[in-house]
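Analysis of the macromolecular model
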Amino acid sequence: MIWAFLFAFCSTVGFCILFHVPKKHIASASFVGACGWLTYTDFITSGSGSVLACFAGSCVVALISDLFSRTFKEAATIFIIPGILPLVPGANMYYTMLAILEGNVERTASVGTETILMAGSIAVALLVVSSVIKLMALLERKIMSSFRKEIS
Amino acid sequence: MINQMQKKVLILALRAGELMMKSGAEIYRVEDTITRICKACRIPFVEVFATPTGIFLSLDEGSEDSDMHTFIKRIKGSSIDLEKISRINHFSREFTSTDLSIDSGLTILKDISNIKPYPLLLRIFGAALVSSFFALIFQGSYKDFFCAFFIGACSYMLSVLLDKLETNLFIRGFCCCAAATFLALGLFSTGLGSNLSSVIIGSIMIFLPGVALTNAVRDTLAGDMLSGASKGIEAVIIAVSIASGVGVAIKFWTILGGAFQ
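Just so you know, these numbers come straight off a predicted model, no measurement behind them.

**Focus on the overall build of chain B**
Helices and strands together make up the secondary structure of chain B, namely 10 helices and three strands. Along the chain direction, N to C, the helices and strands of chain B fall in the order α-α-β-β-β-α-α-α-α-α-α-α-α. Relative to the globule expectation of 18 Å for 261 residues, the C-alpha radius of gyration of chain B, 23 Å, shows a markedly less compact shape. With respect to the principal axes defined by its C-alpha atoms, chain B has extents near 80 × 30 × 30 Å.

And the structure:
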């Protein structure tokens, strides 16, 4: 588990260099990526499907990114883009291609569908988390303003 | 007649928007930044429409005899540079909260646009890091680690070269992944490395369309359907190019008589 964290951390450092993440945020962005990957592997080892695991990993990435973007006063993109990349189903894409080359239509269909679903689950996770956060911020503001009205 | 102040505001806002769009920011962030800059310069009516390939901006002073001014900025080419996004974010916050003059704003933007990405050697090292550690994640051995390190560096160099030649994104993804797969197969036939799939997966990881995918979703979520759809198509095209690159390389390898697993 420590190894998985370390490997994911190092590869996200690589992505950070490629995408020119500001120097002072490389460590935190890589931490986000490693946490996402750790959640993914944790779900896989506990027996849930890869789509659900991808969804959970992306949720973690989106949540921690939002937390960091608030504490560092930065755009959340800086943490989300490197953080999400380990979860993008590159391996499944390769296996789909292998199945196509073998001429195995059934395997192509099943692995290909899983790949598309994994990519979709990343998207949906980001969507859900950011919507919930926006909603919560809105509610908080409304409650606070009505609270202030009652005081005054 | 357009007055001098309005023209400068237009240039400032458009430059900021163009820089953000070229660095891979989401649409709503670009539109928001432009609107904020214009509002900070006390222009009451601002309407922005941004797409990944162009920005449209209309300004009106709001008085009875004033004209509406519209500018169009075509955006060509884009690369991801998160440092620029972060700097412009800070700049727009500073510009709207303090009374920074427009001229000094323009010089700051010029500085930001001159920011270079990390030096080439470091980027090659970064690509090598990505592929080598992904090979380890997918059950590669220490031999695969070094193979993937080498292949990642080589394929990233090829992608930089193809970028210089201004090839389109399909050809780039295709060539880089085909080259990476060929290299991996070649290295394995000489007996280096033990787990072929881990090395290939590691080296294609660099080119995956993660950014296009996330931005497509965020744009769609924010209601920019046009940009969301176009980024989504970009992601699909890159994914297809990677898959076909790997597939063609393996097919060629077996046709040429090489062993495959």
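Resuming the write-up.
**What to know about the overall build of chain A**
Tallying secondary structure elements over chain A gives six helices and zero strands in all. Along chain A, from the amino end to the carboxyl end, the secondary structure elements read α-α-α-α-α-α. The globule rule puts the C-alpha radius of gyration for 152 residues at 15 Å, and the 19 Å found for chain A is more than 25% above it. Expressed along its principal axes, the backbone C-alpha trace of chain A runs to roughly 75 × 35 × 25 Å. Expressed as a percentage of its 152 residues, the buried residues of chain A come to 48%. Nonlocal contacts in chain A, meaning residues at least 24 apart in sequence, comprise 63% of its contacts between residues at least 6 apart.

**Here's the deal with the packing of helix α5 (residues 120-137) of chain B against helix α6 (residues 142-164) of chain B**
Residues and elements named next belong to chain B. It is the contact of α5 with α6, at a shortest axis distance of 7 Å, that shows an interaxial angle of 140°. As summarised for this structure, α5 and α6 are arranged oblique, according to the angle between their axes. Here α5 and α6 pass one another in a crossing that is right-handed. When α5 is examined against α6, the residues L120, R123, I124, A127, A128, V130, S131, S132, A135 and L136 are found in contact with a partner set consisting of D144, F145, A148, F149, I151, G152, A153, Y156, M157 and V160.

**Side note on the interface of chain A and chain B**
Taken together, the contact between chain A and chain B spans 37 residues of the former and 43 residues of the latter. Elements supplying a minimum of two residues to the side of chain A that touches chain B: α1 (2-18), α4 (77-84), α5 (90-102) and α6 (105-151) of chain A. Grouping the amino acids of the side of chain A that touches chain B by side-chain chemistry returns 29 nonpolar, seven polar and one charged.

**A few points about the pairing of strand β3 (residues 68-74) of chain B**
Residues and elements named next belong to chain B. Across the seven residues of β3, zero count as buried, placing the element largely on the outside. Here strand β2 (residues 54-60) runs beside β3; their pairing, made up of seven bridges, is antiparallel. Among the inter-strand pairings, I55 is bridged to a residue of β3, identified as K73.

**Here we look at the packing of helix α2 (residues 26-45) of chain A against helix α3 (residues 50-72) of chain A**
Residue and element names in this part refer to chain A. Contact geometry for α2 and α3: axes closest at 8 Å, N-to-C directions at 155°. It follows from the interaxial angle that α2 and α3 lie roughly antiparallel. α2 and α3 meet at a crossing whose hand is right-handed. Contacts between α2 and α3 involve S28, V32, C35, G36, W37, T39, Y40, F43 and I44 on the former and, on the latter, S50, L52, A53, C54, A56, G57, S58, V60, V61, I64, S65 and F68. Split into classes, the residues belonging to the contact of α2 with α3 amount to 14 nonpolar, seven polar and no charged.

**So, α4 of chain A**
For α4 of chain A, the buried fraction is high: eight of the eight residues fall into the buried class. Residues of α4 of chain A that are buried: T77, I78, F79, I80, I81, P82, G83 and I84 of chain A. Looking at the buried residues of α4 of chain A, the elements they touch are α1, α2, α3 and α6 of chain A together with α3 (82-97) and α9 (210-221) of chain B.

**Regarding the sheet that holds β3 of chain B**
Residue and element names in this part refer to chain B. The three strands are arranged β1-β2-β3 in an open sheet whose pairing can be described as antiparallel. Edge positions in the sheet fall to β1 (45-51) and β3, since each of these pairs with one other strand and no more. Averaged over all neighbouring strand pairs, the angle between strand axes comes to 10°, with direction disregarded. Packing against the sheet, helix α2 (residues 27-40) makes contact with β1 and β2, and its axis sits at approximately 155° to β1.

**Considerations on the nonpolar core**
Counting 127 residues, the largest nonpolar core has I122 of chain A together with A184, I204, I242 and V246 of chain B as its most contacted members. With 12 residues, the top contributor of residues to this core is helix α7 (residues 169-189) of chain B. Among residues more than four places away in sequence, those in contact with I242 of chain B are M93 of chain A together with G173, C177, I204, F207 and L208 of chain B.

**Let's talk about the domain arrangement of chain B**
Residue and element names in this part refer to chain B. Looking at the assigned domains, one finds that chain B contains domain 1 (4-113) and domain 2 (120-255). Relative placement of domain 1 and domain 2: their C-alpha centres are 34 Å apart. With seven residues of domain 1 in contact, the opposing surface of domain 2 contributes 10 residues. Of the residues in the side of domain 1 that touches domain 2, the class split is four nonpolar, two polar and one charged.

**A short note on the pairing of β1 of chain B**
Residue and element names in this part refer to chain B. Bridge count for β1 against β2 is seven bridges, and the pairing is antiparallel. Opposite F49, over in β2, you have F56 as the bridge partner. Following β1, the chain reverses through two residues before pairing antiparallel with β2.

**A few points about unusual backbone geometry**
All names here are of chain B. For Q139, which is not glycine, the phi dihedral falls at a positive 60°. With 11 C-beta atoms packed within 10 Å, Q139 lands in the exposed category. Phi at E166 is positive, roughly 55°, even though this residue is not glycine. As for its position among the elements, E166 is in the loop between α6 and α7. Residue classification places E166 among the exposed residues on the basis of 8 C-beta atoms within 10 Å.

The rules behind these values
- Residues numbered from 1 in each chain as written.
- Chains lettered and ligands numbered in written order.
- Predicted model: local features only at pLDDT ≥ 70, side-chain atom pairs only at ≥ 80, totals over all residues.
- Helix = DSSP H or I, 4+ residues; strand = E, 2+ residues; numbered from the N terminus.
- Rg over C-alpha atoms; globule rule 2.2 N^0.38 Å.
- Buried ≥ 20, exposed ≤ 12 C-beta atoms within 10 Å, placed from the backbone.
- Contact = placed C-beta atoms within 7 Å.
- Axes fitted to C-alpha atoms, helices over the stretch in contact; angles between N-to-C directions.
- Parallel < 35°, antiparallel > 145°, perpendicular 65-115°, else oblique.
- Left-handed = near helix turned anticlockwise from the far one by under 90°.
- Nonpolar A, V, L, I, M, F, W, Y, C, P; charged D, E, K, R; others polar.
- Pairing = 2+ DSSP bridges.
- Core = buried A, V, L, I, M, F, W, Y, C linked by C-beta atoms within 7 Å.
- Domains from an automatic or database assignment.

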